[in-house]
Amino acid sequence: MIRAGSILVAAALAVSPCAHAAAPESSLTDTSLVGKWVVNIGECSDPNAEFITFLKSGAVESTRNGSADAVGFWRLENDRIYLNVLATPARLHEKLKDVNGYYPFDITVATFNVTADSFQGVGILDDQTRYGKFTRCKP
Amino acid sequence: MFVKLAARSLAGSVVIASALFAGVAGHAPAYAHSDWAAPFLGGIMAGRVLTNMQNQRAQQTRAMQEMAGEGGSTGGHSRPTSHSPAQLSPQERLQQLDQLAAGGYITPQEYKARREAILNGM
């Protein structure tokens, strides 16, 4: 994961729409990250949206349409969230509906544009990358 | 089988992706600001599994083609390419199809369709 290092950060900053903004960015902390976040265009009031919940215990849960996509552990280091999760492919994509079993995934999310109630991130799993917006849901 | 193979590599370490265009099934750009409606974590994981499955299928197909090529070779040189499906006899094509189905590389529907196509072509 470390080898992703500086290139990852540079890539994240390069694609950040506000990378040139003068305002200094905040950083996520173990405390501020804890809570429920809605992903991308979803709204907190929509139970079918994609949510990711970081628990104080270090556990993490990702849900879509009210169903768990992945569960596991999270760790925050140097503005990067390391997710070690377990998921069943059958829940991830229509084409995988016949695939049984649970499989581990190690995902890194490089965060940027952090505010008190939102942040953006680039999620990376091997050759897969995806850009996401996260908005905090009020408890 | 594919998934078992895929899962082995899924647990590997994260590498930097200069390729910012690997999406679900390896077709759609995954890194896109306009991709707000797509799932984030689910999309990444599904893309990884689907890509692995595609890679495994491609490798299996190449291996089978190489096997078919070696079986028909009479010289000491192995041919870089094997028989195309059109060059195989219907029996060989059916056997190849059976192997693909037995390995779980094609769905029962695909198997049935391909089998009918071979038989109709006799």
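In this text, all values refer to a predicted model and were calculated from it rather than measured experimentally.

Reading the values: rules and limits
Residues numbered from 1 in each chain as written. Chains lettered and ligands numbered in written order. Predicted model: local features only at pLDDT ≥ 70, side-chain atom pairs only at ≥ 80, totals over all residues. Helix = DSSP H or I, 4+ residues; strand = E, 2+ residues; numbered from the N terminus. Buried ≥ 20, exposed ≤ 12 C-beta atoms within 10 Å, placed from the backbone. Contact = placed C-beta atoms within 7 Å. Expected span 1.5 Å × (residues − 1). pLDDT = per-residue confidence, 0-100. Axes fitted to C-alpha atoms, helices over the stretch in contact; angles between N-to-C directions. Parallel < 35°, antiparallel > 145°, perpendicular 65-115°, else oblique. Pairing = 2+ DSSP bridges. Core = buried A, V, L, I, M, F, W, Y, C linked by C-beta atoms within 7 Å.

1. Some thoughts on the overall build of chain A
When you go through chain A residue by residue, the secondary structure sums to two helices and eight strands. When its helices and strands are written in sequence order, chain A yields α-α-β-β-β-β-β-β-β-β. When the 139 residues of chain A are sorted by exposure, 36% land in the buried category. Pairs at least 24 residues apart make up 34% of the contacts formed inside chain A by residues separated by at least 6 positions.

2. So, helix H3 (residues 90-102) of chain B
With 13 residues, H3 of chain B extends 18 Å from end C-alpha to end C-alpha; this agrees with the ideal 18 Å at 1.5 Å per step. Once H3 of chain B finishes, Gly104 of chain B follows within two positions and takes phi at roughly 80°, a positive value.

3. Comments concerning unusual backbone geometry
Residues and elements named next belong to chain A. The backbone phi angle of Asn40 is positive, close to 55°, even though this residue is not glycine. Residue position: Asn40 is located in the loop between strand E1 (35-39) and strand E2 (51-54). Residue Asp79 is not a glycine yet carries a positive backbone phi of 65°. Along the polypeptide, Asp79 turns up in the loop between strand E4 (67-77) and strand E5 (80-87). The class of Asp79 is partly exposed, set by 18 C-beta atoms lying within 10 Å.

4. Focus on the confidence of the model for chain B
All names here are of chain B. For chain B, per-residue confidence averages 63 on the pLDDT scale, and 54% of positions sit at 70 or higher. Per-element confidence in chain B is highest for helix H4 (residues 108-120), whose mean pLDDT is 82, and lowest for helix H1 (residues 2-10), whose mean pLDDT is 43. For residues 72-84, every residue scores under 50 in pLDDT, and the model assigns this stretch 14 contacts once sequence neighbours within four places are set aside. Overall fold confidence (pTM) sits at 0.59, and the ipTM for the predicted complex is 0.75.

5. A word on the packing of H3 of chain B against H4 of chain B
All names here are of chain B. The geometry of H3 relative to H4 is characterised by a closest axis approach of 10 Å and an angle of 175° between their N-to-C directions. One way to sum up the angle between H3 and H4 is to call them roughly antiparallel. Contacts from Pro90, Arg93, Leu94, Leu97 and Ala101 of H3 reach H4 at Tyr111, Arg114, Arg115 and Ile118.

6. As for the pairing of E4 of chain A
Residues and elements named next belong to chain A. Pairing analysis gives six bridges linking strand E3 (residues 59-64) to E4, with the strands arranged antiparallel. Looking at E4, one finds that Glu61 is bridged to Val71. Linking E3 back to E4 in an antiparallel pair, the connection comprises two residues, with Asn65 at a positive phi of about 55°. One ladder, built from eight bridges, connects E4 with E5; its direction is antiparallel. If you follow Glu77 over to E5, its bridge partner there is Arg80.

7. Digging into the nonpolar core
Phe105 and Ile107 of chain A together with Met45 of chain B are the most contacted members of the largest nonpolar core, which totals 37 residues. Element by element, the count of residues in this core is highest for helix H2 (residues 41-72) of chain B, at seven residues.

8. Some details on the sheet that holds E5 of chain A
One closed barrel accounts for eight strands, arranged E1-E2-E3-E4-E5-E6-E7-E8 (chain A); its pairing is antiparallel. Pairwise comparison of adjacent strand axes, ignoring direction, gives a mean angle of 30° for this sheet.

9. Description of the pairing of strand E8 (residues 128-137) of chain A
All names here are of chain A. As judged from the four bridges shared by E1 and E8, these two strands associate in the antiparallel manner. Across the sheet, residue Val39 finds its bridge partner in E8, namely Phe134. Sheet topology places strand E7 (residues 118-125) next to E8; eight bridges connect them, and they run antiparallel. Its bridge partner lying in E8, Gly121 is registered against Gly132. Linking E7 to E8, which pair antiparallel, is a turn of two residues; within it Asp126 sits at a positive phi near 50°.

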